[in-house]
Amino acid sequence: MAKGQDQTRPQNDWQAMSQQYWNAWNDATRKAFGALPEAAANKTPWHEGLEQWSRMFDAGRAQTVQTETVERLLAGARSYFSLLQTLAEKGAHVNADPQAWADAVRESFNFPGADAALLDNPLARALRELAGQGSKGFEQMMEAVQPAMREMHALLDLPAFGYAREHQEHYQRMGKAWLDCQHETNRYNALIARASRRAFEVFEDKLAERGEPGRQIDSARGLYDLWVDAAEDAYAEIALSAEFREVYGALVNAQMRVRQNVQKEVERVATDLGMPTRTEIDSMGKRLHALHRDAKNHAEVLPGLVAEVAALRAEVERMKAAGKPAAPQAARAPKKAAPRKSAKPAARE
Amino acid sequence: MEPIRIDPKRALDEAMRAQQKLAASFKTLREVEDVDYGATDKEAIYTEDKVVVYRYKGKNKPTAKAPLLICYALVNRPYMVDLQDDRSLVKNLLALGEDVYIIDWGYPDGADRWLTLDDYINGYIRRCVDAVAKHAGVKKINLLGICQGGAFSLCFTSLHQEKLQNLITMVTPVDFHTKENMLSHWTRGMDVDLFVDTLGNVPADLMNWCYLTLKPVRLNQQKYVAMLDILDDKVELENFLRMEKWIFDSPDQAGEAFREFIRDFYQGNKLVKGGLEIGGKPVSLKSITIPVLNIFAEQDHLVPPSASRPLGEHIGTKDYTQLAFKGGHIGIYVSGRAQREVPPAIHEWLARRTR
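Residues numbered from 1 in each chain as written. Chains lettered and ligands numbered in written order. Predicted model: local features only at pLDDT ≥ 70, side-chain atom pairs only at ≥ 80, totals over all residues.

## Some remarks on the nonpolar core
In terms of nonpolar packing, the biggest core is built from 161 residues, with Leu69(B), Ile70(B) and Cys71(B) touching the most fellow members. Looking at this core, you find at least three residues from each of domain 1 (16–94) and domain 2 (144–275) of chain A. Setting aside chain neighbours within four positions, we find Ile70(B) in contact with Pro78(B), Val81(B), Val100(B), Tyr101(B), Ile102(B), Ile103(B), Leu144(B) and Ile146(B). (Core = buried A, V, L, I, M, F, W, Y, C linked by C-beta atoms within 7 Å. Buried ≥ 20, exposed ≤ 12 C-beta atoms within 10 Å, placed from the backbone. Domains from an automatic or database assignment. Contact = placed C-beta atoms within 7 Å.)

Structure representation (structure tokens):
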């Protein structure tokens, strides 16, 4: 009985402390932000605190320049706060086994609301959270063409013939490019998932090293930073492999082929509607650039030529003034001779 | 012994501190100014297309015998060298008596789609060097190339050495095929012709996405967790946001120049292996005989030290100096250590060689 009471005590302590935390959090935010709506009782108050913090900015009280900052911070801090909560909830129950700690950390990354497709795959989440417009644009484009591609799937291997055979072949190429891109994306994702698995192995190794006296981790941030080191080491191991290089290159190339095929389709429609196309603009741009370059080269050469002509003129003037036969007279001689030369063939006729 | 000894009370305190910082951020995030950059006054002395050469104005007249032109990379904005008052390579160089100029490449758009490396190196850089020499009233100047701008500066020096007294390269990739070079590793499976033919100019967001994926957890999560610590400090927060602005304020890359740079440098490694031509003219590191100072960062994840160090083996000059800086690719400009160590090292090296 006494043993049972001992086992529940840490949990009770945690609940008391979390209530204390929650009260302090509300006090702090009231001071900083004015009156807040009462937060509903929540089983995960630490995590909820972060979400509530972000909702305050969403409420339009801050400027948009800060919203991006908030989003970025939120993306990173979610993992850290989940880790904090896991430590507080489970810390008392986890023994000295590094694998048990690694499991606890793994579980902490699968926080409420996290994408189910990214469970146990924190590196994929980190990559997803980058959300660069370049990659986002491509993902959106992929989503947009997906329904059309599915319909075309059955047609991909049929022979094309008749009046619209060129169009059919184009759609077949587009469909194949999309399927190829999906295939390469899956290969890439598989490597990222492998890096995530490897990250937890590396994490266990790093934890084991911390069992030495004087190297123990005594803060959640310390544990989080150790996890980041492990994740980056594991990722680098995979990312520098020959396999990753091949898959990465294949994925980029596959994405470009899809994009190129979509561009061709857009161009076809633009042409039908009498609108200028990217190909035409590129063609004009290339010509303009060549002209621009020539003009620059001529502009650079011109001052030298002008100076040379001026110097020659000055020299001629000096020679004229000195009464000597000027060089230009000699230069004129062939001009006089030219008609005579041209007359000769006529005489032969 | 247990690897982790975290007292639950301490974990709670840690969480409380984080939450207090979050609470304080409601005030500080609304108070931060629109972060600006550039600590030093400057004047434009030459413009061509989107390229501008600026001369920085120091508090005192320069005492250096020749001007120093900074040639930055195309992939980021050059104001990193003069980010803010207490983080400025330029300001410190001016204080030491250098006469500092910089090339601002601007933001390429569709009109720049067909710019080649020949246009950049034999065109823009050559004319910028001439403009600086003319403005300063000297025949030869000193050139400081940074990152990709360092690779360009090496090519330029090989082709137009008569215009320069000394060359300094900072965090410059030379051997692109070392095993730690993740960026190079990834590009070698790419069909760069397909890439550029499809995209035209390469979007800045795509470039940034690629850089962030070099260290996805550290650069996309840990950095923002660390931001928690400064959420209640307006000045530190502004410093952080200013750096964020620089990181993501990136120009698109002119398509043809990008194609050539990936093909000849990242994939072909021609700066080291040989066979590099810019505008039909052969480029050889062996032909560089002017004094060269090569500065690199020991913790650089974009240009690993192993990519910069080999310059000494391949360059022709007998006056080669190498300086390893304890820091990263960006810390070499903005860290406190950088302010103390890098400008004096550059100034002293130049002072001994500039006539």
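Here the narrative resumes, following the displayed structure.
## Things to note about helix α10 (residues 255–267) of chain B
All names here are of chain B. The buried fraction of α10 is high, at 10 of 13 residues. When α10 is considered as a whole, its buried residues turn out to be Gly 255, Glu 256, Ala 257, Phe 258, Glu 260, Phe 261, Ile 262, Asp 264, Phe 265 and Tyr 266. Looking at the residues trailing α10, positive phi occurs at Asn 269, about 50°. (Helix = DSSP H or I, 4+ residues; strand = E, 2+ residues; numbered from the N terminus.)

## Focus on the pairing of strand β7 (residues 141–146) of chain B
Residues and elements named next belong to chain B. Within β7, six of the six residues are buried, which leaves it mostly tucked inside the rest of the structure. Side chains Ile 141, Leu 143 and Gly 145 project from β7 onto one buried face, and the interleaved Asn 142, Leu 144 and Ile 146 project onto a second face that is buried too. In this structure, strand β3 (residues 68–71) lies alongside β7, joined through four bridges in parallel fashion. Across the sheet, residue Leu 69 finds its bridge partner in β7, namely Leu 143. Pairing between β7 and strand β8 (residues 164–170): six bridges, direction parallel. Bridge pairing links Leu 143 to Leu 167 in β8. Viewed along the sheet, the connection from β7 through helix α4 (residues 148–160) into β8 turns out right-handed. (Pairing = 2+ DSSP bridges. Right-handed = clockwise from strand over helix to strand, strands pointing away.)

## Some details on the sheet that holds strand β6 (residues 100–104) of chain B
Residues and elements named next belong to chain B. On the basis of which strands lie adjacent, the open sheet formed by eight strands has the order β1-β2-β6-β3-β7-β8-β11-β12 and mixed pairing. The open sheet terminates on both sides in strands that have one partner only, identified here as β1 (42–48) and β12 (320–325). Going from strand to strand, the sheet's axes swing by 20° on average, the running direction of each strand aside. Direction of pairing for β8 relative to strand β11 (residues 292–297): parallel, over a ladder of four bridges. Directly across from Met 170, in β11, lies its bridge partner Ile 295. Along the sheet face, helix α15 (residues 336–351) touches β7, β8, β11 and β12 and points at about 175° away from the line of β12. (Axes fitted to C-alpha atoms, helices over the stretch in contact; angles between N-to-C directions.)

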